[in-house]
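One letter stands for each residue in the lines below.
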Amino acid sequence: MNEDEPRELSLDEIDALAMQAIDQITARLPVRDYRTAKADDGSSSHVMELDHGARFEVIYDHEGRPVDYRADEVRFEILDGHIIVSSASSK
């Protein structure tokens, strides 16, 4: 495989990443990309909504550190050292 071609990553590979790396994931062609207001417990989220109801969300604690994520109907690819999230239906 050519270095310039994207390689799809499994959910297990994403789970193995440090939260700081997950926080660096960017969306390919997001429909919406926004940050939520802080909740009562101080947590917040960075939400990337994609085509066909796909969604990727990074959850932050009260100090703004990434602590978890949610991935619905998405796929992940790595290209030039950057992880990109896109709708699973957009191949």
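Keep in mind the model is a prediction, meaning the values are calculated, not measured.

1. Considering the sheet that holds strand E3 (residues 32-35)
Pairing between the strands of a sheet is mediated by backbone hydrogen bonds and can be parallel or antiparallel.
Part 1 of the argument: Across the sheet, which stays open at both edges, the four strands sit in the order E3-E4-E5-E6 with antiparallel pairing between neighbours. Each edge of the open sheet carries a strand with a single partner, namely E3 and strand E6 (66-72). For this sheet, the mean angle separating the axes of adjacent strands, direction not counted, is 10°.
Part 2 of the argument: Relative to strand E4 (residues 44-49), E3 runs antiparallel, the two being bridged by four bridges. By the bridge assignment, Arg 35 is partnered in E4 with His 46.

2. Describing the packing of aromatic side chains
Part 1 of the argument: A full pass over the atoms with the stated rule returns two aromatic pairs.
Part 2 of the argument: Seen from their ring centres, Phe 56 and Tyr 69 are 5.8 Å apart, and the 40° between their planes marks the pair as tilted. Taken together, the residues span a long stretch of sequence, with Phe 56 in strand E5 (residues 55-60) and Tyr 69 in strand E6 at a distance of 13 residues.
Part 3 of the argument: Among the residues examined, Tyr 69 registers a relative accessible area of 13% and is labelled buried.
Part 4 of the argument: Grouped by ring-pair contacts, the aromatic residues Phe 56, Tyr 69 and Phe 76 constitute a single cluster.

Rules used in this analysis
Residues numbered from 1 in each chain as written. Predicted model: local features only at pLDDT ≥ 70, side-chain atom pairs only at ≥ 80, totals over all residues. Heavy atoms only, no water. Pairing = 2+ DSSP bridges. Helix = DSSP H or I, 4+ residues; strand = E, 2+ residues; numbered from the N terminus. Axes fitted to C-alpha atoms, helices over the stretch in contact; angles between N-to-C directions. Phe/Tyr/Trp six-rings, centres within 6.5 Å; stacked < 30°, edge-to-face > 60°. Buried < 20%, exposed > 50% of the residue type's maximum accessible area, 1.4 Å probe, protein only.

Keep in mind these values describe shape, not function.
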